[in-house]
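Given next are the chains, with one letter for each unit.
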Amino acid sequence: MSATTKGALVGLVLALSALIFGFWGFILVALFMAIGVAVARITAGELDFGNIVNAFKGRSTS
């Protein structure tokens, strides 16, 4: 699936959630989608959660 197709599907989901659930439902769906992407990347090994925590603590990894 190309990036354009994925973007269109995400836009469709967000647009439908805004129409059906209103503004706060839209925000909640967008938040859950972002959490889902983060969890998927962490489990796939594409995102290192330790580096994210260290960045918030002010520690640099170079």
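Our subject is the structure that appears above.
First, a word on what this report is: a plain description of the structure on this page. Computed from a prediction, not measured in an experiment: that's the story for all the values here.

1. Some thoughts on the overall build of the chain
Counting secondary structure elements, the chain contains two helices and zero strands. What you see for the chain is a C-alpha radius of gyration of 15 Å, clearly larger than the 11 Å of a compact globule of 62 residues, by over 25%. By principal-axis analysis of the C-alpha atoms, the chain measures approximately 45 × 30 × 15 Å. The buried share among the 62 residues of the chain stands at 6%.

2. Description of helix H1 (residues 3-44)
If you check H1, its first and last C-alpha atoms are just 18 Å apart, much less than what 42 residues at 1.5 Å a residue would give, namely 62 Å. Along its length, H1 shows its largest kink, about 135°, at Phe21. Listed in full, the buried residues belonging to H1 are Leu14, Ser17, Gly25 and Val29. Of the residues one or two after H1, Gly45 is the one with positive phi, at around 85°.

3. Some words on the packing of aromatic side chains
Under the counting rule described, the total for this entry stands at one aromatic pair. With a centroid separation of 5.0 Å and an interplanar angle of 75°, the aromatic rings of Phe23 and Trp24 are classed as edge-to-face. For Phe23, a relative accessible area of 53% gives the class exposed.

4. Looking at a nonpolar patch on the surface
Together, Met1, Leu9, Leu12, Leu16, Leu19, Ile20 and Phe21 make up a nonpolar patch on the protein surface, roughly 810 Å² of accessible area in all. Secondary-structure assignment places Met1 in the segment before H1. For Met1, a relative accessible area of 69% gives the class exposed.

5. Regarding the environment of Leu12
Mapped onto the elements of the fold, Leu12 is located in helix H1. Assessed through its relative accessible area of 46%, Leu12 is described here as partly exposed. Here the alpha-carbon distance between Leu12 and Ala30, two residues 18 residues apart in the chain, equals 12 Å.

Procedures and definitions
- Residues numbered from 1 in each chain as written.
- Predicted model: local features only at pLDDT ≥ 70, side-chain atom pairs only at ≥ 80, totals over all residues.
- Heavy atoms only, no water.
- Helix = DSSP H or I, 4+ residues; strand = E, 2+ residues; numbered from the N terminus.
- Rg over C-alpha atoms; globule rule 2.2 N^0.38 Å.
- Buried < 20%, exposed > 50% of the residue type's maximum accessible area, 1.4 Å probe, protein only.
- Expected span 1.5 Å × (residues − 1).
- Bend = angle between axes of the 7 residues up to and from the residue.
- Phe/Tyr/Trp six-rings, centres within 6.5 Å; stacked < 30°, edge-to-face > 60°.
- Patch = residues over 30% accessible without salt bridge, like charges linked within 9 Å, V, L, I, M, F, W, Y side chains within 5 Å.
- Areas by Shrake-Rupley, 256 points an atom, 1.4 Å probe, with all protein chains shown as cover.
- Salt bridge = Lys/Arg side-chain N within 4 Å of Asp/Glu carboxyl O.

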